[in-house]
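# Residue-level structural notes
Chain by chain, the residues run as shown.
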Amino acid sequence: VNEFDVIRRLSGLLPPQPDEVIVPIGDDCAVVRLGDKTWAAASDMLVEGRHFKGWATPEDVGYKAVAVNASDVAAMGGTPRFVLVSGAAPDAETALGVFAGVAEACRELGVYPLGGDTTGADALAVDVAILGELEAAPVLRSGARPGHLLAVTGELGASAAGLLALEGGVEGFERLKGRHLRPRPRLRVGRAAARLGAGAMVDLSDGLASDARRICEMSGVGCMVDLDKLPISDDTLKLAARLGRDLGMLAATGGEDYELLVCAPERILGETAEAAEVPLTVVGEVTGSGEVVFRRGAGVVEDLSGWDHFA
Ligand SMILES: [Mg+2]
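Presented here is an overview of the structure given in this document. Once a new chain begins, its residue numbering starts again from 1 and follows that chain's sequence as written. Whole-chain, interface and lining totals are the exception, using all residues; otherwise, since this is a predicted model, local features are given only for residues with pLDDT of at least 70 and side-chain atom pairs are given and counted only at 80 or more. Processing note: side-chain calculations cover all non-hydrogen atoms of the structure and skip hydrogens and water entirely.

Time to look at the coordination of the magnesium ion. Binding of the magnesium ion to the protein goes through Asp 28 (OD), Asp 72 (OD) and Asp 203 (OD), at separations of 1.9 to 2.1 Å. For Na, K and Ca the donor cut-off is 3.2 Å, and for all other metals it is 2.8 Å, counting N, O and S atoms only; because water is absent from this set, sites may look incomplete. Donor residues binding the magnesium ion come from one chain and are separated in sequence as D-x43-D-x130-D. On the criterion of sequence distance, the pair formed by Asp 28 in the loop between strand E1 (21-23) and strand E2 (30-34) and Asp 203 in strand E8 (residues 200-203) is long-range, its members being 175 residues apart. Asp 203 matches Asp 28 in its accessibility class, with the two residues each being buried. Secondary structure elements are taken from DSSP: a helix is a run of H or I of four residues or more, a strand is a run of E of two residues or more, and numbering for both begins at the N terminus. Relative accessibility thresholds used throughout: buried, under 20% of the residue-type maximum; exposed, over 50%; partly exposed, between the two (1.4 Å probe, protein chains only).

Although it is not a glycine, Phe 173 sits at a positive phi angle of roughly 55°. Relative to the assigned elements, Phe 173 resides in the loop between helix H4 (158-168) and helix H5 (174-181). Phi at Glu 256 is positive, roughly 60°, even though this residue is not glycine. According to the relative accessible area criterion, Glu 256 is buried, its value standing at 17%.

Our next topic: the pairing of strand E3 (residues 37-47). One ladder, built from five bridges, connects E2 with E3; its direction is antiparallel. Directly across from Leu 34, in E3, lies its bridge partner Lys 37. When DSSP finds two or more bridges between two strands, those strands count as paired. Relative to strand E6 (residues 125-134), E3 runs antiparallel, the two sharing ten bridges. Note that in E6 the partner of Thr 38 across the bridge is Leu 134.

The next point concerns a nonpolar patch on the surface. Patch membership needs two things, relative accessible area over 30% and no salt bridge, and members are linked within 9 Å if like-charged or within 5 Å if nonpolar (Val, Leu, Ile, Met, Phe, Trp, Tyr). Each accessible area is a Shrake-Rupley result for a 1.4 Å probe, and residues are judged covered by the shown protein chains and nothing else. Every case where a carboxyl oxygen of Asp or Glu lies within 4 Å of a side-chain nitrogen of Lys or Arg is listed as a salt bridge. A surface patch of nonpolar side chains, about 330 Å² in accessible area, is lined by Leu 84, Tyr 112 and Leu 114. Relative to the helices and strands, Leu 84 is located in strand E4 (residues 79-89). Residue Leu 84 is classed as partly exposed on the basis of its relative accessible area of 41%.

To continue, consider the sheet that holds strand E13 (residues 299-301). With mixed pairing, the seven strands of this open sheet are ordered in space as E8-E10-E7-E11-E9-E12-E13. Edge positions in the sheet fall to E8 and E13, since each of these pairs with one other strand and no more. Sheet twist, expressed as the average angle between the axes of neighbouring strands with direction ignored, equals 30°. In this structure, strand E12 (residues 292-296) lies alongside E13, joined through three bridges in antiparallel fashion. Residue pairing across strands places Arg 296 opposite Gly 299, the latter belonging to E13. For this analysis, residues touch if any pair of their heavy atoms sits within 4.5 Å. In this description, a line fitted to the C-alpha atoms serves as the axis of each element, helices being fitted only across the stretch in contact, and the angle between N-to-C directions of two axes falls anywhere from 0 to 180 degrees. Lying over the sheet, helix H2 (residues 58-74) contacts E8 and strand E10 (260-264), oriented at roughly 175° with respect to E8.

Let's shift gears to the environment of Cys 29. You can see Cys 29 is positioned in the loop between E1 and E2. Separated by 45 residues in the primary sequence, Cys 29 and Ala 74 have C-alpha atoms spaced 9.5 Å apart. Other than its neighbours up to four places away in sequence, Cys 29 contacts Val 23, Ala 40, Ala 41, Ala 42, Asp 72, Val 73 and Met 76.

Bringing the pattern of salt bridges into the picture now. Under the criterion given, the structure shown has 21 salt bridges. Between Glu 256 and Lys 64 there is a salt bridge, and its shortest N-O distance comes to 2.9 Å. In this pair, Glu 256 is assigned in the loop between helix H9 (247-253) and E10 and Lys 64 in helix H2, connecting sequence segments 192 residues apart. Judged by relative accessible area, Lys 64 falls into the buried class, the value being 5%. One salt bridge connects Arg 214 with Asp 206, and the closest N-O pair in it is separated by 2.8 Å.

So, about helix H7 (residues 208-219). Expected span, for any helix, means 1.5 Å times one less than how many residues it has. The end-to-end C-alpha distance of H7, which contains twelve residues, comes to 16 Å, matching closely the 16 Å that a straight helix rising 1.5 Å per residue would cover. Counting buried residues along H7, nine of its twelve residues qualify, which places the element largely inside the surrounding structure. Residues of H7 that are buried include every one of Leu 208, Ala 209, Ser 210, Asp 211, Ala 212, Arg 214, Ile 215, Cys 216 and Ser 219, and no others. Count one or two residues on from H7 and you reach Gly 220, which has phi positive near 65°.

This paragraph deals with the environment of Asp 28. You can call Asp 28 buried: its relative accessible area is 6%. Along the primary structure Asp 28 and Asp 203 are separated by 175 residues, whereas in three dimensions their C-alpha atoms are 7.6 Å apart. The residues touching Asp 28, leaving out its near neighbours within four places in the chain, are Ala 42, Asp 72, Ala 75, Met 76, Arg 141, Met 201, Val 202 and Asp 203.

This part covers the packing of H2 against helix H3 (residues 92-109). Look at H2 against H3: their axes get within 6 Å of each other, and the N-to-C directions meet at 40°. Classified by the angle between their axes, H2 and H3 sit oblique to one another. Handedness of the crossing formed by H2 with H3: right-handed. The segment H2 lies against H3, with Pro 58, Glu 59, Gly 62, Tyr 63, Val 66, Ala 67 and Ala 70 engaging Thr 94, Gly 97, Val 98, Ala 100, Gly 101, Val 102, Glu 104, Ala 105, Cys 106, Glu 108 and Leu 109. In this classification, the charged set is Asp, Glu, Lys and Arg, the nonpolar set is Ala, Val, Leu, Ile, Met, Phe, Trp, Tyr, Cys and Pro, and all remaining amino acids, among them Gly, are polar. In the contact of H2 with H3, the residues fall into eleven nonpolar, four polar and three charged. Working rule for angles: under 35 degrees goes down as roughly parallel, over 145 as roughly antiparallel, 65 to 115 as roughly perpendicular, anything else as oblique. Throughout, a crossing is termed right-handed when the near helix is turned clockwise from the far one, and left-handed when it is turned anticlockwise from it by less than a right angle.

On their own, these measurements won't tell you what the molecule is for.
Shown next, in the form of structure tokens:
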């Protein structure tokens, strides 16, 4: 039973869907219409030992918990507005550190914390629930169509490289460590993509390989991704070489980059990149085959997948 089976089974237990629910469970956020406004709602939890270890300060954990939720709002094309933050911490000082990080992220992202709950526990855990406002129709995972191109914002593999540096106690590579500890959600790109009518969008939390697969499943399409086209920075390349890691695999399956994967016609991708002033790199195309193919050089890479939360 993996994460998707769990979501499928939970969906079978839901009561009848109220009229206000526009997008139910299964996308980056659910979408509800309340009054004359449309809201994106999601929650995401970080747990010590599973998502972070001693190399992350409580402040980092609080910051990241807000940032990854804001990233889910970005993936719908929304603006994050409010959070509820709950957590468990071994002592009051740790809990205060977490909230300092939460407050810092909230200030940076223009989000207001409405409340939450704290309790004592051996391991640190933080759960954030977020509400984001939508000004345009939400961009779903199910809107990819043959003829769309697949593009990603920024760079891939930096967070996974940063994690390797943190885990291995590697000196330096502070930028990469920062990308892992304090990701920056792509809010401007998300909003621009929604306003300009992108077909489908997801934030890259689990790695391009698995997130692209998810878009294809939900859209009933296939795709061809060229691993040689993934945008990778020089410091990621340098660290991967030093640690003897396969750079393409790191970028395709590493996860936690919190970049956006956007599926749209070429013109909309160009306009989105221009409006948001963020580079979008075309890494592949949507196909009607139903197959998800990852190419590298002249060959095809089999069995490429990302992070399974219950693995
Ligand atoms: Mg997401």
